[in-house]
Amino acid sequence: MNTRGWSTWLTGLLLALLLAGGAGATDKIKTVKGSEDNPISPQDESFSFSSEEGDFRVRWPSGCSQVKTRSRQVDDDAQEQPVIVYCDRNGEKGEGCSVTALFNISGGGSPEMVMDRMMKVLGGFGASITNQKPLRKEFEGGFVVEGLDVLASPSSGAGQVWVRGLLVGGDIYLLSAWDQAGEVAHDPEYIAFFESFQPGAE
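Fair warning: this is a prediction, and the values are worked out from it, not measured in the lab.

Trainee: Looking at this structure, how should I read the pattern of salt bridges?
Mentor: When charged atoms on two side chains of opposite charge get close, those side chains can pair. Summed over the entire model, instances satisfying the criterion amount to nine salt bridges. In this structure, the salt-bridge partner of Glu-140 is Arg-57, at a minimum N-O distance of 3.4 Å. Residue Glu-140 is found in the loop between strand S7 (127-138) and strand S8 (144-154), and its partner Arg-57 is found in strand S3 (residues 56-60); the two are separated by 83 residues along the sequence. Accessibility expressed as a relative area gives 18% for Arg-57, which makes it buried. A salt bridge links Arg-164 to Asp-149; its shortest N-O distance comes to 2.8 Å. Taken as a pair, Arg-164 in strand S9 (residues 160-168) and Asp-149 in strand S8 lie far apart in primary sequence, 15 residues in all.

Structure below.
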């Protein structure tokens, strides 16, 4: 198959989400690596992770020995502020997962905006929806959030992407996972990634 889209989509998505709309913004990249002294992200097992910038907690799958955070520091309080935290699993561009948080949305987020951003993610893959379903999640503290799960595949070749969109108050969270084998929805570690997500950093 032609894997070019799968290997380059993430860069395009980052640029689209982080650089659109507003001058005076700067990007910051923070990389977290595991080591003997600081075993934050062991290569051979999944691990819990808290993002202060993205204000969430999640369990990353094994193979995510390098987790990167890219945020946009805006000078204008009226500008949307996106944060994306992501990893290429086992260092491969064709497999990985990400959490994108969109804060400071003018007028607050809406279900229509969640769907629009999800379609932009799928557009980065050149993927078409194969299955979608609404979901209702109850998080810690008893608050309930509604959202949408989408599975999609590229128009040609193998592969699968899973995108979950959530509207949390006025903010939007997009969880994504992708691979070229087409097994994302059946991978227990990706399932745990989606189910472990919790708004609010520790």
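Trainee: Help me understand the pairing of strand S2 (residues 47-51) in this model?
Mentor: Regular strands place their side chains on alternate faces of the sheet. Every second residue of S2 is oriented toward a common face, the buried set being Phe-47, Phe-49 and Ser-51 and the non-buried set Ser-48 and Ser-50. Note that S2 and S3 share five bridges and pair antiparallel. Note on S3: the bridge partner recorded for Ser-48 is Arg-59. Joining the antiparallel neighbours S2 and S3 is a turn of four residues, in which Asp-55 adopts a positive phi near 55°.

Trainee: Quick question: what am I supposed to make of the confidence of the model for the protein here?
Mentor: Low pLDDT marks stretches whose predicted atomic positions should not be read closely. Taken as a whole, the protein shows an average pLDDT of 80; of its residues, 75% reach a score of 70 or greater. Looking over the protein, one finds the lowest element-wise mean pLDDT in helix H1 (residues 4-19), namely 50, and the highest in helix H3 (residues 188-196), namely 96. Segment residues 1-5: pLDDT under 50, and six contacts once partners within four positions in sequence are set aside and those in other chains are kept. In the predicted structure, residues 21-25 sits below a pLDDT of 50 and forms nine contacts with residues beyond four places in sequence or in another chain.

Trainee: For this particular structure, what's the right way to read helix H2 (residues 111-125)?
Mentor: One full turn of an α-helix is made of 3.6 residues, so residues set three or four places apart face in the same direction. Taking 1.5 Å as the rise per residue, H2 with 15 residues should run 21 Å; its terminal C-alpha atoms sit 22 Å apart, in good agreement. All buried positions along H2 are accounted for by Val-114, Arg-117, Met-118, Val-121, Leu-122 and Phe-125. Along the long axis of H2, the arc covered by the buried residues comes to 145°, so they all point the same way. Exposed residues lying more than 90 degrees from the buried face of H2 are Glu-112 and Gly-123. Just downstream of H2 lies Gly-126, where phi reads positive at about 65°.

Trainee: Which parts of the structure should I look at to understand the nonpolar core?
Mentor: Ranked by size, the top nonpolar core spans 29 residues in total, and within it Trp-60, Leu-166, Tyr-173 and Phe-197 carry the most contacts. Secondary-structure elements contributing two or more residues to this core are S2, S3, strand S5 (81-88), strand S6 (96-103), S8, S9, strand S10 (171-179) and H3. Not counting residues within four places of it along the chain, the set of residues in contact with Trp-60 comprises Ser-46, Phe-47, Phe-49, Val-67, Val-85, Tyr-86, Cys-87, Cys-97, Ser-98, Val-99 and Phe-193. Counting residues in hydrophobic clusters, the runner-up holds 16 residues, among them Val-121, Ala-127, Val-161 and Leu-174.

Trainee: Would you mind going over the layout of surface pockets with me for this structure?
Mentor: By rolling a water-sized probe across the atoms, one finds the places where empty space is left. Its boundaries defined by the atoms lining it, the largest pocket holds a volume of some 160 Å³. Lining the largest pocket we find Asn-131, Gln-132, Lys-133, Leu-135, Asp-149, Val-150, Leu-151, Trp-162, Arg-164, Ala-185 and Glu-195. Listing elements by their share of the lining of the largest pocket, those giving two or more residues are S7, S8 and S9. Of the residues forming the lining of the largest pocket, the biggest block, four residues, is contributed by S7.

Trainee: Please explain the side chain of Gln-198 as it appears in this structure.
Mentor: In this fold, Gln-198 is placed in strand S11 (residues 198-199). A distance of 3.3 Å separates a polar side-chain atom of Gln-198 from the backbone nitrogen of Glu-140. Those residues in contact with Gln-198, other than ones at most four positions away along the chain, are Phe-56, Arg-57, Phe-139, Glu-140 and Phe-143.

Trainee: When you look at the environment of Val-144 in this model, what are you seeing that I'm missing?
Mentor: Residue position: Val-144 is located in strand S8. With 24 residues separating them along the chain, Val-144 and Val-168 place their C-alpha atoms 8.8 Å apart.

About the cut-offs
Residues numbered from 1 in each chain as written. Predicted model: local features only at pLDDT ≥ 70, side-chain atom pairs only at ≥ 80, totals over all residues. Heavy atoms only, no water. Salt bridge = Lys/Arg side-chain N within 4 Å of Asp/Glu carboxyl O. Helix = DSSP H or I, 4+ residues; strand = E, 2+ residues; numbered from the N terminus. Buried < 20%, exposed > 50% of the residue type's maximum accessible area, 1.4 Å probe, protein only. Pairing = 2+ DSSP bridges. pLDDT = per-residue confidence, 0-100. Contact = heavy atoms within 4.5 Å. Expected span 1.5 Å × (residues − 1). Arc of directions from axis to C-beta. Core = buried A, V, L, I, M, F, W, Y, C linked by side-chain atoms within 4.5 Å. 1 Å grid on protein atoms, 1.4 Å probe; cavity = no way out; pocket = protein on both sides within 12 Å on 5 of 7 lines; lining within 4 Å. Points joined across faces, edges and corners; volume = space filled by probe spheres on them. Polar contact = N/O pair within 3.5 Å; in protein donor to acceptor, adjacent residues only side chain to side chain.

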